[in-house]
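# A look at the structure
Read off the chains here:
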Amino acid sequence: MRRLKMAIVATALAGSTVFVGATPAHATPILRGVVYDYSECVRIGNYGIQNYGWTGPLQCVWYPTSGSYPPGYWFIYA
């Protein structure tokens, strides 16, 4: 009986060390949209996180345009 208990404990400890060493995967942010205003970027990003299950953190990144084009765009990453 003592050997059985030791075998069960050893198996449980060996199994738990596998899960202790595991780390969660780091997800890379996905481009979710492009808008003109920072306020729209934050509003749409928060709406997407709350209602569509986007994973955070929310990032609004500004990309200016070059040349004679109008102002740049805000890219929504979540």
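Our subject is the structure listed above.
Now for a quick tour of the structure. (Residues numbered from 1 in each chain as written. Predicted model: local features only at pLDDT ≥ 70, side-chain atom pairs only at ≥ 80, totals over all residues. Heavy atoms only, no water.)

### Notes on the overall build of the chain
- For the chain, the helix and strand inventory stands at two helices and three strands.
- The helix and strand sequence of the chain, counted from the amino end, reads α-β-α-β-β.
- For the chain, the accessible surface area stands at approximately 6,400 Å², while carbon and sulfur atoms represent 64% of it. (Helix = DSSP H or I, 4+ residues; strand = E, 2+ residues; numbered from the N terminus. Areas by Shrake-Rupley, 256 points an atom, 1.4 Å probe, with all protein chains shown as cover.)

### Here we look at the pairing of strand β3 (residues 73-77)
- Of all five residues in β3, four are buried, a share of seventy percent or more.
- In the sheet, strand β1 (residues 31-35) pairs with β3 via four bridges, with the strands oriented antiparallel. Following the sheet pairing, Val34 is matched in β3 by Phe75. (Buried < 20%, exposed > 50% of the residue type's maximum accessible area, 1.4 Å probe, protein only. Pairing = 2+ DSSP bridges.)

### Structural notes on the sheet that holds strand β2 (residues 59-63)
- Across the sheet, three strands lie side by side as β1-β3-β2; this open sheet has antiparallel pairing. On the outer flanks of this sheet lie β1 and β2, each paired with one strand and no other. When the angles between neighbouring strand axes are averaged without regard to direction, this sheet yields 25°. (Axes fitted to C-alpha atoms, helices over the stretch in contact; angles between N-to-C directions.)

### Some remarks on the nonpolar core
- Grouped together as the largest cluster of nonpolar side chains are seven residues: Val35, Cys41, Trp54, Cys60, Trp74, Ile76 and Ala78.
- Here Cys41 is in contact with Val35, Leu58, Cys60, Trp74, Phe75 and Ile76, once residues within four sequence places are set aside. (Core = buried A, V, L, I, M, F, W, Y, C linked by side-chain atoms within 4.5 Å. Contact = heavy atoms within 4.5 Å.)

### Comments concerning the state of the cysteines
- Taken as a whole and assessed by the stated rule, the structure comprises one disulfide.
- For Cys41, the disulfide goes to Cys60, at an S-S distance of 2.1 Å. Given an S-S torsion of about -105°, the disulfide between Cys41 and Cys60 has left-handed geometry. A residue pair is termed long-range when its members are at least 10 positions apart, and Cys41 in helix α2 (residues 38-51) and Cys60 in strand β2 qualify at 19 residues.
- With a relative accessible area of 0%, Cys41 lands in the buried category. (Disulfide = S-S within 2.5 Å.)

### As for the pattern of salt bridges
- Counted according to the given criterion, the structure contains one salt bridge.
- Residue Arg43 pairs with Glu40 through a salt bridge whose shortest N-O separation is 3.0 Å. With Arg43 and Glu40 both in helix α2, this residue pair falls three residues apart, about one helical turn.
- Note on Glu40: relative accessible area 29%, which makes it partly exposed. (Salt bridge = Lys/Arg side-chain N within 4 Å of Asp/Glu carboxyl O.)

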